[in-house]
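# Analysis of the macromolecular model
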Amino acid sequence: MAAAVLGMWLPIYFGPLGEWMKENPPPFIAWMEQHTTFAVVLFMAATALAVLGSMARQPNEPQPVAELAGTLATAVAEQWRREETALQLQAPWPMPLRWENTARPVADHWEAINGAQNQVEPVDLSGRLDADGRADDSIVAVFHRVASRRLVILGAPGAGKTVLALNLVLHLLDRRQEGERVPVLLSMGSWDPAQETLHSWMARRLAEDDPALRTRSGSGATLGQELITSGQVLPVLDGLDEMPPQARLEALAALSRQLGRGEPLVLTCRADEYQRTVGSTVLTAAAVVELCPLDPADLQTYLRVSTAPARTGCWDPLFAEVESTPGGPVAQALSTPLMAWLARAAYADTASEPAELLAEQGGVRRFADRTAVEEHLLERLIPAVYSRDLPGEDTRRWSGEEAHRSLSFLAWHLYKFRTPDLAWWQLGTTVPLASCMVLVGIATGLVYGLLSCLVHGLGGFGLMDVLVSGLLNGSLTGLSLGLAHGVVARFIDGAFQPSRVRLSLRGRQTGRARPRFLPRFMAGFVVGPIVQVTGNLLAGVVNVAAYQEPFWLLARVLNAGFWGLVVGVGGALVLGSTAWFEEPIDTQEATSPTGLLNTNRATVLGQALVLGVVFGLLILLGSWIMAGLLPRHMWGATVVWTPAVGLRYGILSGLGSALGAALALTAWGRWMILARGWLPLTGRLPWAVSAFLEDAHRRGVLRRNGAFYQFRHTRLQHHLAPVPPPLPPQRRSRPRVRLSGLLGRQDHGRVGESDSDGEMSR
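These lines cover the structure that appears in this document, whether it is placed above or below.

Criteria and thresholds
- Residues numbered from 1 in each chain as written.
- Predicted model: local features only at pLDDT ≥ 70, side-chain atom pairs only at ≥ 80, totals over all residues.
- Heavy atoms only, no water.
- Helix = DSSP H or I, 4+ residues; strand = E, 2+ residues; numbered from the N terminus.
- Expected span 1.5 Å × (residues − 1).
- Buried < 20%, exposed > 50% of the residue type's maximum accessible area, 1.4 Å probe, protein only.
- Contact = heavy atoms within 4.5 Å.
- Axes fitted to C-alpha atoms, helices over the stretch in contact; angles between N-to-C directions.
- Parallel < 35°, antiparallel > 145°, perpendicular 65-115°, else oblique.
- Nonpolar A, V, L, I, M, F, W, Y, C, P; charged D, E, K, R; others polar.
- Salt bridge = Lys/Arg side-chain N within 4 Å of Asp/Glu carboxyl O.
- Core = buried A, V, L, I, M, F, W, Y, C linked by side-chain atoms within 4.5 Å.
- Pairing = 2+ DSSP bridges.

## Looking at helix α17 (residues 370–385)
Relative to the 22 Å expected for 16 residues at 1.5 Å per residue, α17 spans 23 Å between its end C-alpha atoms, a close match to the ideal helical length. Within the span of α17, buried status applies to V373, E374, H376, L377, L378, R380, L381, I382, A384 and V385. The elements touched by buried residues of α17 are α15 (329–333), α16 (337–347), α18 (400–417) and α27 (714–720).

This is the structure in structure tokens:
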């Protein structure tokens, strides 16, 4: 309806009837001019009711810790069941994994593991992955044989460590009784033990996946911290080898030092890396098992049953090679579950023949060693999985070449960011900061300039005045927000975090008094006048150069003082009050990367609308009060204020600053400008980024871990990255500030009104 009305009005204002409209304003504007007080109060009351209605939702009531643990267990089980299905870990049955007590000298003394000085006999921990997890040799049964409940799972790259840990998590959740610990699978690549303790890192990771765990209890601790300290969480830490070598040493020392007696733990790591890490110390009271190579009989059964009956014969040459040459490159490569799955993906559902692994060129094997076979299987994955359609309503398709290019960029991005976790809000971190500032300035300036043109056009100004006003306001706003984006990005190391709070009329129900009120209040009170003074002085220079009259500089100084005070007070009240009206987002609203993105978009835009309207109303009311207090004439200039002027600049200051801040100072805005705009424009990502990531997940190339995507295996990530995978040890400083609200940006409002853009008239 609004678009239809504007579509009818704009041609009138910009057409031949423009001059007539200036002399004969619409009845609504004329009525407001004659009924100033009543119109302002009526408009403020109606808008306030709309804003309060948008915030009047049922608040999130915090759950008791025991009940919250049950909710967490349900969410974790649902998440990993979906992943198990997406990764086809049960199709046609679980990958046949076997393990046994490691022969490496990396386990603690059995007295420490068994918890008694006289119990020195080792416990047999060998077993086999079972379909229902209830056999005596299942990983759950093996875990319960360890008295200390601390188990380390070792294996070669692609041996199935993560699959085994996931199986343990799911079957522990199936058997969980009320009051028992909730197993939570966490990737260790995001932990810096020099910066965070184990419990604080776990609490942060849990809160990233479940925003409700950010809520503070009466003790001041978050619910996530209370879950951990009260013994409700069993950490299953995956991928110690994904950390830099020095960080691995610090992590093992931190685990031994920070885990109390009786606290359980499951840890996975590559065998060689773990042995190199464990020197003079070991993980206290931890038993260690090591995965065995895939049995040739199990390999043949898995590949044969995974293939349609009409094509099972295609495997015969490969099976014959594995049996006749068990030490050959093909047999060695297919001895790990990862390579067995890659062979299945490359040949079971495609027209390609597995015999190409045995091909010769000039009497020499094309793939002469194990590494060559593995690299070929990794190279065949993308074309194979993107050559077939997936069931579903989304008809978008990407070719193997397009997918390979985009996935290679994502792998390179993770390499540069030094993490296995692919977060949508971090995709823009690979763009240089100077480029980010320029792009943000252009985007926010364009939005603010268009809004300025619309508001002034509806106010009855001529086309040239509207365009000049839009260009001036848009340029100054883009410059200000571009610089603000750069300062904030530098301050938080470039990683804007997604907002995990929303505005509610009752706000949070627990926790201490809002400590962020005073900083936010002072930020609004200081930033508003600074922006107004800067913008008005720059605009004054432009006006003096255009009109060759120094009076415009005086007018701008008066405008800066008038609107600076109004905007400063309004910004302080708006930003300060948000500390009372924030509550965490529901768990169900952000349990996946796409869910968090959709929720964050709605949260940011909702906050922009609410705060923008409130801010605009305060500008309207404040300017009305200020105009009534000031003398009519000041230093040869006349103070002119009308409801139309206040309303026009209330809209610009409120909605304009809120939308600009939403784009410049939030994770969603950075995602829109960089990941949805610049990266696709430069050919590094497809235009439908979210759909592409979800499609890659459905095809088994990516997996989901809470709010993050990860490559199915780090070997695949390293293969796709156009840079060598080894990284020098380097500290990654964590973000020190997380922006969950909106920082205001004020319009270059004016005290008076003129022919161009509302200048003070003589």
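Structure shown, so let's carry the discussion forward.
## Quick word on the packing of helix α13 (residues 296–305) against helix α14 (residues 316–324)
Where α13 meets α14, the closest approach of the two axes is 11 Å, and the angle between their N-to-C directions is 175 degrees. When the axes of α13 and α14 are compared, the pair comes out roughly antiparallel. Residue-level inspection shows P296, Q300, L303 and R304 of α13 in contact with α14, the latter providing D316, F319, V322 and E323. Here the contact of α13 with α14 is composed, by residue class, of 4 nonpolar, 1 polar and 3 charged.

## Quick word on the pattern of salt bridges
Evaluation of the coordinates by the stated rule reveals 18 salt bridges. Its salt-bridge partner being D174, residue R81 comes within 2.6 Å of it at the nearest N-O pair. With a gap of 93 residues between them, R81 in helix α5 (residues 65–86) and D174 in helix α8 (residues 161–175) connect regions that are remote in the sequence. Using a relative accessible area of 30% as the deciding quantity, one classes R81 as partly exposed. Under the relative-accessibility criterion, D174 is labelled partly exposed at 43%. Between R704 and E694 there is a salt bridge, and its shortest N-O distance comes to 3.3 Å. Pair noted here: R704 is in strand β14 (residues 702–705) and E694 is in helix α26 (residues 689–698), with a separation of 10 residues, a long-range link.

## Examining the nonpolar core
Ranked by internal contacts, the top residues of the largest apolar core, which has 161 residues, are Y274, L407 and L410. Residue contributions to this core peak at 9 residues, all from α16. When neighbours within four sequence positions are excluded, Y274 is seen to be in contact with V106, V152, L154, L240, L252, L267, C269 and L283.

## Remarks on the pairing of β14
Regular strands place side chains that alternate from one sheet face to the opposite one. Burial of β14 is two-sided: the residues L702 and R704 facing one way and the residues R703 and N705 facing the other way are all buried. For β14 and strand β15 (residues 708–711), the ladder comprises 4 bridges, and the chain directions are antiparallel. Bridging across to β15, R704 finds its partner in Y709. Between β14 and β15, which pair antiparallel one after the other, the connecting turn spans 2 residues, and G706 there sits at a positive phi close to 65 degrees.

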